[in-house]
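# Per-entry structural report
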Amino acid sequence: MTRKGFQNFSRFASGALLACALCFAPVGARAADTGEFSDGAASVYQETTLSHPPLEYLCSLVSLASYSDRIGLVARESLADNGWVLQPYREDTKKVAAKYYFMKNENSPDGGARYLVSVTGTSDLKDVKTDLAMNKVPFAGKTPEEFQRQMERQEMRSSEPLVHGGFARYTQTAFFSHKDGETTFGEDLKELLEKDPNAKLCVTGHSLGGAVAVLFAARLMDMGVPTEQLDVVTFGAPAVGNRAFADAYSDMPLMRIAMKGDPIHAALQSIDTSYVQFGGVQHWHRPRGSERFQHDMTGYADAALRRYYDFVTEKRREIERFQDDGVPYGGDAMRARMAQERNDGKTRVMLFSDYALNDAIADDLPYMRLAAFDILQREISGLIPARGAFSSIVGENKIKECVRQSKEAGCQYVLIQRYESTRLRDKREGYKIALEEALYDIKGNPLVIQGFTTNTDTMTPILAALYNEVAGREKRKEALANGH
């Protein structure tokens, strides 16, 4: 990788509380000293429970963004909205197809840049072969050249750090392989962190990606990167090395997240008991209706979103008055603030929303509303939630009443949205999530009328709603930019 790749990033401003929580979540979530090993053939370090919802949610978005499907698009859009610049990388050999994202956000309150590396999980046949390459190799050295030589060493002892051969080769290919005499990605990243002691790096990944994230962080530590500049967050990742490896890197700031019932998290240990997990761990319960996503990154992202909004809702309760139903948050405070600032030239849009969900997914409603509102608010900074739902407006001409309330609040536009879920036949947990929306000017003239429908075959109902929200932004932005 050339240094030019690092220099082509531009600065983005982050938005509102969500952006601050995502972009600037403190890096203080560290794995505690894990102490002694527990007894048993499949020995692991004593597990400690860590919880840092903003960091978890950020890493779940980053890990989701590394996949190329539709929900990956939603994650990438959300990260870009929050000031992150994303750059994909791919390194191919005959045996390894290494894929990862490098991301940067320079708007840290302590003056240091924020970097993220997200390694893609198993996605093709080469990745499957990597997963199955279970022969252990030595893990030692302090330079890319030494890393390679040590991996190729045939003589090894069980008392030295040994790691999964497939994961180690993936790490070497992705981050420490020279091309045309250039420095490697890992070396360039180490140099960036050396030049800015306030800079922070978070390495994350799902499944295979999580395993590689641990080895990449260990290599950086061997090259001299201090643990104070590192965070490692993995989702459903298998163990990567033996007891000696876990012992050697026990001070790694590692947070492992595993869904209850995820078969991959402990897969290697069930086959080879010399593999050992270490670091802090969280065991998450699957949200209702997400059983089919027990290892899929979609299920982890859905759970992280719920945990994040549970966390941030409590924080908002401390500083803003909620509407009676709790969402959209801060409505009264927001309307009062907007009324005072109505002459600042900002485009104001009043949002009226309705949700009609099946009873089986009714628990998704608060999260769906909060997350959808946050996406809209990053798109429309002057968005104001109405006092009530569109369906609660009385009278024959509901649009006229919406316009009246919008004028009163100093808005120039009215946005009406209705979400509805429909159970899919012959699918136990399958739903169709539909969004219908209309954008009006302050005279009641329709500017945009559009609808989107997403099935939950490959995503949860909450994430399907967010996909619909993102799908509608192009026409909304065009109409607001043109003023008609």
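Up top is the structure these notes are about.
Starting afresh in each chain, residues are numbered from 1 along the sequence in its written order. Predicted model: local features are reported for residues with pLDDT of at least 70 only, side-chain atom pairs are reported and counted for 80 or more only, and whole-chain, interface and lining totals are derived from all residues. Heavy atoms from the whole structure form the basis of all side-chain values; hydrogens and water molecules are not counted.

## Some thoughts on the environment of Gly72
Secondary-structure assignment places Gly72 in helix H4 (residues 70–81). Residues Gly72 and Val62 lie 10 residues apart in sequence; the distance between their C-alpha atoms is 8.9 Å. When near neighbours in sequence (up to four residues on either side) are disregarded, Gly72 contacts Leu64, Ala65 and Tyr67. Strands are runs of DSSP state E lasting at least 2 residues, helices are runs of H or I lasting at least 4, and numbering of each runs from the N terminus. Any pair of residues with heavy atoms lying within 4.5 Å of one another is described as a contacting pair.

## Comments concerning the pairing of strand E12 (residues 413–423)
Relative to E12, strand E10 (residues 349–356) is paired through 8 bridges, and the arrangement is parallel. Of the residues in E12, the one forming a bridge with Tyr355 is Tyr419. Paired strands are those between which DSSP finds at least two bridges. Bridge count between E12 and strand E13 (residues 431–441): 11 bridges; the pairing is antiparallel. Note on E13: the bridge partner recorded for Gln417 is Glu437.

## Observations concerning the packing of helix H14 (residues 365–379) against helix H16 (residues 461–471)
Viewed as axis vectors pointing N to C, H14 and H16 meet at an angle of 25°, and their least axial separation amounts to 9 Å. As judged from the angle between their axes, H14 and H16 are roughly parallel. In terms of crossing hand, the pair formed by H14 and H16 is right-handed. Counted together, Tyr367, Met368, Ala371, Ala372, Ile375 and Leu376 of H14 and Pro461, Ile462, Ala465, Leu466, Glu469 and Val470 of H16 form the full contact between these two elements. A class-by-class count of the residues in the contact of H14 with H16 yields 11 nonpolar, no polar and 1 charged. Angles shown run from 0 to 180 degrees and are taken between the N-to-C directions of axes, each axis being a line fitted to C-alpha atoms and, for helices, limited to the stretch in contact. With respect to orientation, any angle under 35 degrees is reported as roughly parallel, any angle over 145 as roughly antiparallel, any angle of 65 to 115 as roughly perpendicular, and every other angle as oblique. In a left-handed crossing the near helix is turned counterclockwise from the far helix by less than a right angle, and in a right-handed crossing that turn is clockwise. Ten residues, namely Ala, Val, Leu, Ile, Met, Phe, Trp, Tyr, Cys and Pro, are considered nonpolar, four, namely Asp, Glu, Lys and Arg, are considered charged, and the remaining ones, Gly among them, are considered polar.

## With respect to unusual backbone geometry
Despite not being glycine, Ser207 shows a phi value in the positive range, around 60°. Tracing the backbone shows Ser207 in the loop between strand E6 (200–206) and helix H9 (208–222).

## Section: the sheet that holds E10
Strand pairing in a sheet takes place through backbone hydrogen bonds and is either antiparallel or parallel in direction. Spatially, the 5 strands line up as an open sheet ordered E11-E10-E12-E13-E14, and their pairing is mixed. A single partner strand is all that each edge strand has here, and the edge strands are strand E11 (383–385) and strand E14 (446–455). On average, adjacent strands in this sheet sit at an angle of 20° to one another, irrespective of strand direction. Across the sheet, H16 lies against E12, E13 and E14, angled at about 35° from E13, the strand it touches most.

## Topic: the pairing of E14
The sheet contact formed by E13 and E14 spans 9 bridges and is antiparallel. Bridge pairing in E14 places Ala434 opposite Thr453. As consecutive antiparallel partners, E13 and E14 are separated by 4 residues, and within that stretch Gly444 has a phi angle of approximately 90°, a positive value.

The values are spatial; any link to function lies outside them.
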